[in-house]
Amino acid sequence: MSIHPLAGKPAPKDRLVYLPSLVSAYYTGKPDPAVPEQQVSFGTSGHRGSALKTAFNENHILAVTQALVEYRREQGVTGPVFVGIDTHALSVPARDTALEVLAAHEVHALVQTGGGFTPTPAVSHAILTFNKGRTSGLSDGIVITPSHNPPEDGGFKYNPTNGGPADTNVTKKIQDRANEILRDGLKDVLRVPLSRAHASGCVSEFDFVGSYVADLGSIIDFEPIAKSGLKIGVDPMGGAAVKYWEPIATRYGLNIEVVNPWVDPTYGFMTLDRDGKIRMDCSSPWAMASLVALKDKFDIAFGNDSDTDRHGIVTPSVGLMNPNHYLAVAIQYLFGGARPGWKAEAAIGKTLVSSSMIDRVAASLGRKMSEVPVGFKWFVDGLVDGSFGFGGEESAGASFLRKDGSVWSTDKDGIILNLLAAEITAKTGKDPGLHYKALEAKFGSPVYERMDAPANREEKAKLSKLSPDAVKATALAGEAITAKLTNAPGNGAAIGGLKVTTENGWFAARPSGTEDVYKIYAESFKGADHLKAIQAEAKEIVSAALA
């Protein structure tokens, strides 16, 4: 993909969404259930879309919340539902719509005190904390966020009683019922006016901030950070963590400067992403350009996306770290002696499109490495029972266990990954960028890239159901193929695509859920030319398999 000429530059005023029109479209736009783009569609992170495209409107949220209430009833979930929102303009309207339906069904909803914002990991933490030791009356959660997506988007995620992202079988059931409700003209939806919902006692305030911040000492070693006096820079990128950093700094004695303390639903303070869009992607050097420009001002700096489930680490040594690089450093540090309270058999979890540097680090540590399909949901059970010490994915999302080896969160947590970077820097005297350079000196320097290739709907469907036998090639970019995978080696689950590996490289091909393309992830430990050869042959291998 070419780089837009305005990438990394401040967003021009004429690119900002006009909020009155956006919010009006939420209430006035009526989706047509016969149009696929206007149906409820739960991807890996819930239902997302823009009200301006009739893809995220009041009718969608009425239908989804009604379907969710019915699902909770079927599953016997009778405890409160923790409801969090991020700072996108559509989040408050969608929350209020959801509260009207929840209250009509006498479901007790807990929202942030004062109507504030709530990071995804704080919702996960609240669910797990509430449910600990309980066998009945369990809670679950809703997070209203489109994650790092542009300002005109909205999103709705469901986290069941395990605190993590809902599994596909759960989201499909909710999705299908919601679309049925839409087709039937919402006749099955029960709702009450928002004022009555608040007066009913079914909506209560909950201090997500206080609960989460007070417990952070169980997962992060704050004493060396405080003693070191590290100068820490934080850019919440106008997201849900904006009110978390001051309490963290005060409680744990940290020298933190929040460089951007503002909430602006147009995200007019952002620099444009690679494609010229406003996107709060804390792993993008273009979206993070403002914080990267300040890298020499701080000993360590970091940012988050809008719902704070992703992390972006900025170091004096290398600037913004590639997410794969930081995952490898975090794993080396955590499993290399920093967490003696973890079980020796606790595995390292990674998604199949994450860097093979992690494999080499795991092998050197003598730790089990479990490779799973794309999606954080695959780490949930392992984090709950402690069989996974760490779960991470290449898109800058990860979580890990408390110091005593018990579960902290079962959703991605950008805050703890950020604070871990400060802990690493304070305790070792080197920032994570320097640690990665040491890993490269030991294991080699991989080159990693994601690209798109065209594919129509039929080709994407075929790719998602490929058999390894469909791949006839025996070599890839001059090396013998060592594995042809359509199921993840860590848990045997279908990966919805194909992964082909060699001794020094690999590629994975997965169909896009929204565009007429498939994604090619590729990595080489033999340099950029070898990577290009892998990418070129990957297209040939996939085309032959689909023929």
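Residues numbered from 1 in each chain as written. Predicted model: local features only at pLDDT ≥ 70, side-chain atom pairs only at ≥ 80, totals over all residues. Heavy atoms only, no water.

Engineer: Sorry if this is basic, but what is going on with helix H3 (residues 91-104) here?
Structural biologist: Note on helix geometry: an α-helix contains 3.6 residues per turn, so any two residues three or four positions apart are oriented the same way. With 14 residues, H3 extends 20 Å from end C-alpha to end C-alpha; this agrees with the ideal 20 Å at 1.5 Å per step. Across the 14 residues of H3, twelve count as buried, placing the element largely inside the fold. Of the residues making up H3, those classed as buried are Ser91, Pro93, Ala94, Arg95, Asp96, Thr97, Ala98, Leu99, Glu100, Val101, Leu102 and Ala103. Directly beyond the C-terminal end of H3, a positive phi value near 60° is found at glutamate 106. (Helix = DSSP H or I, 4+ residues; strand = E, 2+ residues; numbered from the N terminus. Expected span 1.5 Å × (residues − 1). Buried < 20%, exposed > 50% of the residue type's maximum accessible area, 1.4 Å probe, protein only.)

Engineer: Help me understand helix H4 (residues 120-131) in this model?
Structural biologist: Over its twelve residues, H4 extends 17 Å from the first C-alpha to the last, a length consistent with the 16 Å expected when each residue adds 1.5 Å. For H4, the tally of buried residues reaches ten of twelve residues, placing the bulk of the element in the interior. Looking at the residues trailing H4, positive phi occurs at glycine 133, about 85°.

Engineer: I'm lost on the pattern of salt bridges in this one. Help?
Structural biologist: Two side chains bearing opposite charge may form a pair once their charged atoms approach each other closely. Here the structure, examined in full by the defined rule, presents 28 salt bridges. We note a salt bridge from aspartate 359 to lysine 350, for which the minimum N-O separation is 2.7 Å. Aspartate 359 gets classed as partly exposed once you look at its relative accessible area, which sits at 26%. Among the ionic pairs, arginine 450 bridges to aspartate 452, the shortest N-O distance being 3.4 Å. The class for aspartate 452 is partly exposed, based on a relative accessible area of 32%. Counted as one network, the salt bridges with shared partners bring together Glu70, Arg177, Glu180, Lys187 and Asp188. (Salt bridge = Lys/Arg side-chain N within 4 Å of Asp/Glu carboxyl O.)

Engineer: Could you clarify how one ought to interpret the environment of arginine 367 in this entry?
Structural biologist: Relative to the elements of secondary structure, arginine 367 occurs in the loop between helix H12 (357-365) and strand S14 (369-372). Setting aside residues no more than four positions away along its own chain, arginine 367 makes contact with Phe335, Lys343, Ala344, Glu345, Ala346, Ile348 and Ala362. At 3.0 Å, the side chain of arginine 367 and the backbone oxygen of alanine 346 are in polar contact. (Contact = heavy atoms within 4.5 Å. Polar contact = N/O pair within 3.5 Å; in protein donor to acceptor, adjacent residues only side chain to side chain.)

Engineer: Help me understand unusual backbone geometry, please; the structure alone is not making it clear to me.
Structural biologist: Most peptide bonds are trans, and most residues other than glycine sit at a negative phi. Of note, the phi angle at threonine 54 is positive, near 55°, even though the residue is not glycine. Despite not being glycine, alanine 477 has its phi angle at roughly 50°, a positive value.

Engineer: What should I look at first to understand the packing of aromatic side chains in this one?
Structural biologist: Centre-to-centre distance and the angle between the planes together describe a pair of aromatic rings. Following the criterion strictly, the structure yields 17 aromatic pairs and no others. Between the aromatic rings of phenylalanine 82 and phenylalanine 208, the centroid separation amounts to 5.8 Å while the plane-to-plane angle is 75°, which identifies the pairing as edge-to-face. Taken together, the residues phenylalanine 82 in strand S3 (residues 81-85) and phenylalanine 208 in helix H7 (residues 208-215) connect sequence positions 126 residues apart. The pair phenylalanine 82 / phenylalanine 208 is uniform in exposure class, with both members buried. When the ring of phenylalanine 222 is compared with that of tyrosine 252, the centres are 3.8 Å apart and the planes differ by 10°; the resulting orientation is stacked. (Phe/Tyr/Trp six-rings, centres within 6.5 Å; stacked < 30°, edge-to-face > 60°.)

Engineer: Please clarify how the pairing of strand S5 (residues 140-144) should be interpreted in this entry.
Structural biologist: Put simply, side chains in a regular strand alternate between the two faces of the sheet. Here S5 lies mainly inside the structure; five of its five residues are buried. Side chains Asp140, Ile142 and Ile144 of S5 all project onto a buried face; the interleaved residues Gly141 and Val143 project onto the opposite face, where all are buried too. Examined bridge by bridge, S3 and S5 share five bridges and lie parallel to one another. Looking at the pairing, valine 81 lines up with aspartate 140 of S5. (Pairing = 2+ DSSP bridges.)

Engineer: Please clarify how the sheet that holds strand S17 (residues 447-454) should be interpreted in this entry.
Structural biologist: Working definition: the strands of a sheet are paired by backbone hydrogen bonds and lie parallel or antiparallel to each other. The five strands lie next to each other as S17-S23-S22-S21-S20, forming an open sheet whose pairing is antiparallel. Strand pairing shows two members of the sheet lacking a second neighbour, S17 and strand S20 (483-487), which therefore form its edges. Neighbour-to-neighbour, the strand axes of this sheet turn through a mean angle of 15°, independent of strand direction. Here strand S21 (residues 494-501) runs beside strand S22 (residues 505-511); their pairing, made up of four bridges, is antiparallel. Paired with lysine 499 across the strands is alanine 508, a residue of S22. Of the strands in this sheet, S17, S21, S22 and strand S23 (517-524) touch helix H17 (residues 528-546), which is tilted by about 145° from S23. (Axes fitted to C-alpha atoms, helices over the stretch in contact; angles between N-to-C directions.)

Engineer: Explain the environment of leucine 16 to me, please; I cannot follow it from the model alone.
Structural biologist: Mapped onto the elements, leucine 16 comes out in the segment before helix H1 (19-28). Along the backbone, leucine 16 and glutamate 152 are 136 residues apart, and their C-alpha atoms lie at a distance of 9.2 Å.

Engineer: Sorry, what's going on with the environment of alanine 453 here?
Structural biologist: By secondary structure assignment, the location of alanine 453 is in strand S17. Judged by its relative accessible area of 3%, alanine 453 falls in the buried class. For alanine 453 and tyrosine 518, which are 65 residues apart along the polypeptide, the C-alpha to C-alpha distance reads 5.4 Å.

Engineer: Just to check I follow, could you spell out the packing of helix H2 (residues 58-75) against H3 for this structure?
Structural biologist: Each pair of packed helices can be summarised by the angle the axes make with each other and by the distance between the axes. Two numbers describe how H2 lies on H3: the axes approach to 9 Å, and their chain directions differ by 40°. One element, H2, and the other, H3, form an angle in the oblique class. Seen from above, H2 lies across H3 with right-handed handedness. Judged by residue contacts, Glu58, Ile61, Leu62, Thr65, Gln66 and Val69 of H2 engage Ala94, Thr97, Ala98, Val101 and Leu102 from H3. A per-class count over the contact of H2 with H3 returns seven nonpolar, three polar and one charged. (Parallel < 35°, antiparallel > 145°, perpendicular 65-115°, else oblique. Left-handed = near helix turned anticlockwise from the far one by under 90°. Nonpolar A, V, L, I, M, F, W, Y, C, P; charged D, E, K, R; others polar.)

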